[in-house]
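Structural overview for review
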Amino acid sequence: MINLILFGPPGSGKGTQASTIVSKFGLTHISTGDLFRYEIGNSTPLGLKAKAYMDKGELVPDEVTIGMLENKLNSTPNDKGYIFDGFPRTIPQAEALDTLLDSRGTKITHLIALDVDDEEIVKRLLNRGKTSGRPDDQNEEVIRRRIVEYLDKTSPVYEFYEKTGLSQKIDGIGSLDEIFNRIYDALH
Ligand code: B4P
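All figures in this text were calculated on a predicted structure; none of them were measured in a lab.

Let's shift gears to the overall build of the chain. Within the chain one finds nine helices and five strands. Along the chain direction, N to C, the helices and strands of the chain fall in the order β-α-β-α-α-α-β-α-β-α-α-α-β-α. Taken over C-alpha atoms, the radius of gyration comes to 16 Å for the chain, in line with the 16 Å a tight globule of 188 residues would show. Expressed along its principal axes, the backbone C-alpha trace of the chain runs to roughly 40 × 40 × 30 Å.

Structure (C-alpha cells):
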C-alpha cells in the first residue's frame, strides 16, 4: 500500500503530477484544494467559508479542512492507498492525518516534495490564471501571500515527516515526463 503526500509550494505541480500517479498506481487522489473548489462551486456553507480565505491567499482553518478530509477518507476506501495533494499544510493537519490513518491500521509511506523557485511559481500561476478562472491565480499579490503561507505554516510539515525518514525532495523543474520519472524513482 502507498500513502503518498505530494508536497510543495503552490504551483509546484502537485495536482498536475497527481493525475499521472493515480493512473499508474491505482491510488485515490485527495486534493483539499479541489474539494474546496467543489464546495465553492455549489455555494455550500463550507465553500463560502473557505472562499473568504482562499481569495486572500490564506490557508483555510484547520478544523474545517481536517473535518472535510476525514469525510472524504470515509467515503473513498482504497486498499491500494491514497495521494494526498495539498494536505497536510500545517503541523496540526499532519498530526490529524497520522491519527486518522492509524485508526484505519495504515500510515503515510512517502512524502515527495517538488522543489520549485518562487519566480517560476509566480509565472506558472499567473499563466494558469488566464484560463482557470481561479481568483487566487489572477493576482500576483495573492500568489506571493500563498508563498509566504507555505513558508510559514506548511514547510515545517517536511521536517515533521523527515524525522521518520519519509521525506524526499525532488527537482520540480523540467518536462511533466521528467518530473514524473523522478517521482517514480523516489517511490521505488
Ligand atoms: P491548491 O488547490 O492545493 O492549489 P495549488 O497549490 O495552487 O495547486 P497545485 O500546486 O496542485 O497546482 P499545480 O502545481 O499542479 O490550494 C488552493 C488554496 O486552497 C490554498 O491557497 C488554500 O487557501 C486552500 N487549501 C487547500 N488545501 C488546504 C489545506 N490543506 N489547508 C488549508 N487550506 C488549504 O499547477 C500549477 C500550474 O503549473 C498549472 O498551470 C500547471 O499546468 C503548471 N505546471 C505544472 N507542472 C509544470 C511544469 N513541470 N512546468 C511548467 N508548468 C507546470
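A few words now on the site of the ligand. As a structural note, the neighbourhood of the ligand is formed by 31 residues, with Gly 13, Thr 32, Arg 37, Glu 58 and Arg 146 the closest of them. With the chains in place, 87% of the 990 Å² that the ligand exposes on its own is no longer accessible. A molecule is said to occupy a pocket when more than half its atoms come within 2 Å of that pocket's grid points, and by this definition the ligand occupies the largest pocket. No other element matches the four residues that helix 2 (residues 32–41) contributes to the shell around the ligand.

Glancing now at the side chain of Thr 65. Considering the arrangement of structural elements, one finds Thr 65 in helix 4 (residues 62–75). In terms of polar contacts, Thr 65 uses its side chain to reach the backbone carbonyl oxygen of Val 60, at 3.5 Å.

It is the contact of helix 2 with helix 3 (residues 45–54), at a shortest axis distance of 7 Å, that shows an interaxial angle of 120°. Relative to helix 3, the element helix 2 is oriented oblique. The crossing of helix 2 and helix 3 is left-handed. Listed contacts from helix 3 to Gly 33, Phe 36, Arg 37, Glu 39 and Ile 40 of helix 2 are Leu 46, Gly 47, Ala 50, Lys 51 and Met 54. A breakdown of the residues in the contact of helix 2 with helix 3 according to their chemical character gives five nonpolar, two polar and three charged.

The strand order 2-3-1-4-5 describes an open sheet built from five strands, whose pairing is parallel. The open sheet has two free edges, formed respectively by strand 2 (28–31) and strand 5 (167–171), since each of these has just one partner strand. Within the sheet, the average angular offset between the axes of one strand and its neighbour, ignoring direction, is 20°. Pairing between strand 1 (residues 2–7) and strand 4 (residues 110–115): four bridges, direction parallel. Of the residues in strand 4, the one forming a bridge with Phe 7 is Ala 113.

Right, let's get into the packing of helix 2 against helix 4. Interhelical geometry of helix 2 versus helix 4 gives an angle of 95° and a closest axis separation of 11 Å. Taken together, the axes of helix 2 and helix 4 lie roughly perpendicular to each other. Residues Thr 32, Leu 35 and Phe 36 of helix 2 form the contact with helix 4, whose own contacting residues are Val 64, Thr 65, Met 68, Leu 69 and Lys 72. A class-by-class count of the residues in the contact of helix 2 with helix 4 yields five nonpolar, two polar and one charged.

A word on helix 4. Look at helix 4: 20 Å from first C-alpha to last across 14 residues, which is about the 20 Å you get at 1.5 Å a residue. Packed against the buried residues of helix 4 are strand 2, helix 2, helix 3, strand 3 (81–85) and helix 5 (91–102).

Right, let's get into the nonpolar core. Core analysis: the biggest nonpolar cluster contains 30 residues, and Phe 84, Leu 97 and Tyr 161 have the highest contact counts within it. Looking at this core, the elements with two or more residues in it are strand 1, helix 2, helix 3, helix 4, strand 3, helix 5, strand 4 and helix 8 (156–162). The contact partners of Phe 84, leaving out residues within four places of it in the chain, are Asn 3, Leu 4, Ile 5, Leu 6, Ile 30, Leu 69, Leu 73, Leu 97, Leu 101 and Ile 108.

Calculation notes
- Residues numbered from 1 in each chain as written.
- Predicted model: local features only at pLDDT ≥ 70, side-chain atom pairs only at ≥ 80, totals over all residues.
- Heavy atoms only, no water.
- Helix = DSSP H or I, 4+ residues; strand = E, 2+ residues; numbered from the N terminus.
- Rg over C-alpha atoms; globule rule 2.2 N^0.38 Å.
- Near = heavy atom within 4 Å.
- Areas by Shrake-Rupley, 256 points an atom, 1.4 Å probe, with all protein chains shown as cover.
- 1 Å grid on protein atoms, 1.4 Å probe; cavity = no way out; pocket = protein on both sides within 12 Å on 5 of 7 lines; lining within 4 Å.
- Sits in = over half its atoms within 2 Å of the grid points.
- Polar contact = N/O pair within 3.5 Å; in protein donor to acceptor, adjacent residues only side chain to side chain.
- Axes fitted to C-alpha atoms, helices over the stretch in contact; angles between N-to-C directions.
- Parallel < 35°, antiparallel > 145°, perpendicular 65-115°, else oblique.
- Left-handed = near helix turned anticlockwise from the far one by under 90°.
- Contact = heavy atoms within 4.5 Å.
- Nonpolar A, V, L, I, M, F, W, Y, C, P; charged D, E, K, R; others polar.
- Pairing = 2+ DSSP bridges.
- Expected span 1.5 Å × (residues − 1).
- Core = buried A, V, L, I, M, F, W, Y, C linked by side-chain atoms within 4.5 Å.
- Buried < 20%, exposed > 50% of the residue type's maximum accessible area, 1.4 Å probe, protein only.

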